[in-house]
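Results of the structural survey
Residues per chain are reported as follows:
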Amino acid sequence: MEASQPQQNSITGGVIWKTLLSFFFPILLGTFFQQLYNTADAVIVGQYVGKQALAAVGGATSTLINLLVGLFVGISSGAAVVISQLFGAWDTEGTQRAVHTTMAFALAGGFALMIFGWLISPAALRLMNTPEDVLPHSVTYIRVYFLGIIFNFIYNMGSGILRAVGDSRRPLYFLIVSCLLNIALDLLLVVTFRLGVLGVALGTFLAQLVSAGLVLLSLTRTTQIYHLNLKKIAFDRPMLRRIVVIGLPAGLQGVMYSVSNIIIQTSVNTFGTDVAAAWSAYGKIDGLFWMIMSAFGVAITTFSGQNFGAGRYDRIHQSVKVCMAMSAGTAILMTVVLYFGGELVYHLFTNDDAVIREGMVILRLLVPCYITYIAIENITGAVRGAGDSILPMIITCIGICVLRVAWIALAVPRWTDIRCVCLSYPITWTVTSISFIIYYLQGGWLRRRIAVEEQARLAAEGPEME
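The structure displayed is predicted, hence computed values, not measured ones. (Residues numbered from 1 in each chain as written. Predicted model: local features only at pLDDT ≥ 70, side-chain atom pairs only at ≥ 80, totals over all residues. Heavy atoms only, no water.)

**Things to note about the pattern of salt bridges**
- The full count for this structure, using the stated rule, is 6 salt bridges.
- Between Arg170 and Asp167 there is a salt bridge, and its shortest N-O distance comes to 2.6 Å.
- Here the residues in one salt-bridge network are Glu93, Arg97 and Asp236, joined through shared partners. (Salt bridge = Lys/Arg side-chain N within 4 Å of Asp/Glu carboxyl O.)

**Some details on the packing of helix α10 (residues 237–269) against helix α11 (residues 273–309)**
- It is at 8 Å that the axes of α10 and α11 come closest, and there the two elements cross at 140°. Between α10 and α11, the angle falls in the class oblique. Of α11, the residues touching α10 (which contributes Ile264, Gln265, Val268 and Asn269) are Val275, Ala276 and Trp279. (Axes fitted to C-alpha atoms, helices over the stretch in contact; angles between N-to-C directions. Helix = DSSP H or I, 4+ residues; strand = E, 2+ residues; numbered from the N terminus. Parallel < 35°, antiparallel > 145°, perpendicular 65-115°, else oblique. Contact = heavy atoms within 4.5 Å.)

**Describing helix α13 (residues 353–366)**
- Its 14 residues place the ends of α13 20 Å apart at the C-alpha level, agreeing with the 20 Å of an ideal helix rising 1.5 Å per residue.
- When we look at burial in α13, the residues that qualify are Ala354, Val355, Ile356, Gly359, Met360, Ile362, Leu363 and Leu366.
- Tucked into the core, α13 has its buried residues touching α3 (51–57), α11, α12 (313–346) and α16 (418–442).
- The N-terminus of α13 is capped by Asp352, whose side-chain oxygen sits 3.0 Å from the backbone nitrogen of Ala354. (Expected span 1.5 Å × (residues − 1). Buried < 20%, exposed > 50% of the residue type's maximum accessible area, 1.4 Å probe, protein only. Polar contact = N/O pair within 3.5 Å; in protein donor to acceptor, adjacent residues only side chain to side chain.)

**Looking at the packing of aromatic side chains**
- Across all of its chains, the model carries 15 aromatic pairs by this definition.
- Geometrically, the ring pair formed by Phe308 and Tyr313 is tilted, given 5.5 Å between the ring centres and 55° between the ring planes.
- Accessibility expressed as a relative area gives 4% for Phe308, which makes it buried.
- Given the relative accessible area of 26%, Tyr313 is considered partly exposed.
- Aromatic side chains Tyr373 and Trp429 sit 5.9 Å apart centroid to centroid with 65° between the ring planes, which places their arrangement in the edge-to-face category. A residue pair is termed long-range when its members are at least 10 positions apart, and Tyr373 in the loop between α13 and α14 (374–385) and Trp429 in helix α16 qualify at 56 residues. Of the two residues, Tyr373 and Trp429, both sit in the buried class.
- An aromatic cluster is defined as three or more aromatic residues linked by ring pairs; in this entry it consists of Trp279, Tyr282, Phe289, Trp290, Tyr370, Tyr373, Tyr425 and Trp429.
- Positioned over the ring face of Trp118 is Arg143, at 4.4 Å from the centre of the ring. (Phe/Tyr/Trp six-rings, centres within 6.5 Å; stacked < 30°, edge-to-face > 60°. Lys NZ or Arg CZ within 6 Å of the ring centre and 35° of its normal.)

**Considerations on the environment of Gln455**
- Tracing the backbone shows Gln455 in helix α17 (residues 444–465).
- Judged by relative accessible area, which is 56%, Gln455 ranks as exposed.
- Along the chain, Gln455 and Leu348 lie 107 residues apart, while their C-alpha atoms are 56 Å from each other.

**Describing the nonpolar core**
- One finds Trp279, Tyr282, Ile292, Tyr346, Tyr370, Ile418 and Trp445 to be the most contacted residues of the largest nonpolar core, which totals 83 residues.
- Here the element with the most residues in this core is α11; it accounts for 17 residues.
- Of all hydrophobic cores here, the second largest spans 58 residues; its members include Phe72, Ala124, Phe153 and Met157. (Core = buried A, V, L, I, M, F, W, Y, C linked by side-chain atoms within 4.5 Å.)

**A short note on the environment of Tyr155**
- Considering the arrangement of structural elements, one finds Tyr155 in helix α7 (residues 149–164).
- Accessibility expressed as a relative area gives 5% for Tyr155, which makes it buried.
- With residues up to four places along the chain from it excluded, the contact list for Tyr155 reads Arg163, Pro171, Phe174, Leu175, Ser211, Ala212 and Val215.

Everything listed here is a matter of geometry and, on its own, says nothing about what the molecule does.
Here it is in structure tokens:
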């Protein structure tokens, strides 16, 4: 029996700012719990194990994980775009093929990365100048993390499917459950059983297993057109090609981000354990801003994708204006709160005066520059939702990644100070934001995507008209 099209879809027909906010807040809360999920590890080991453990669960391990996972996560964003477009056009057969191909990719990619990550992590951490007193903790944490990476992939791919069809609530509920479970396991394994870094790694492993199970249960039990049949999980080559064409540039962009961050982390590690721990703690504090920007990005990508599929191109432009305004307000508020209250937040992670002092130097240099980043997230999300991902990747890679690496290579040796390393962020954000604004206002990206879709439609109709 063929599914019937719903009478009303608020994403393609409702009030834009209300729709975006109703979709944004569950994503934001989900991202908050994702950040809490990761931050809990840092808080607990920082308070109960020591600053070496704090540096181990953040810093180099987080940067290396982001590098190895980034390519697959980027490609999964291509799956979300394809599914949102097909769902917006109410293409039942296409949505089914996309869903099962996406989950096949999650399983294959997760298994491959589990093996690869386990094998190369120790050598990679040494290449990143991880301090010797931190290295054993880092190796333990990252290897257990990669053992559970397949569960992480299943959850993220499954949640991406749900968000692509406009359901941002269930991924939130699943994440809340796994987050609370992770915190409880951290406390049990670290505080009670004194397993140290191994304890938080095992807590993360088990919590990710639960979240993967919940999202699979949700997808297999739904009667909607995005229903998942475990027996039908397989690669559909044309659909996989379509997903990769959109998602691979985003994945490569994520890899380039991570490569530049690895170079920065390597530079940070040369300043010693205090600075490395401060950088790790700042990364968790800073994550509050990034989780909000990420939520705006996911919201506008799905909004743009469904409206592009439905032919509502005017709503894409209006959504960019709305998201830019909301992002700007958020950036200003976050700057004020963190600039004046950052020291209190640092005490959640450590009571080491040297670490807090170094951390405040980093924080007070970077948080006033948040406003320079917002155009990147919003415009990238809008154009990627319409299926345009190659030129945004090029702009990001040159404006942020290449320029950032050049700064580290040329400026830091002449001014050997953590503040010089930090300046690589606002400089590259500003350059890339200006580039994206120019690219977006020219409008060629949307005209090209409309032409491509029209050609694909005519090609599909051609045999039927003969």
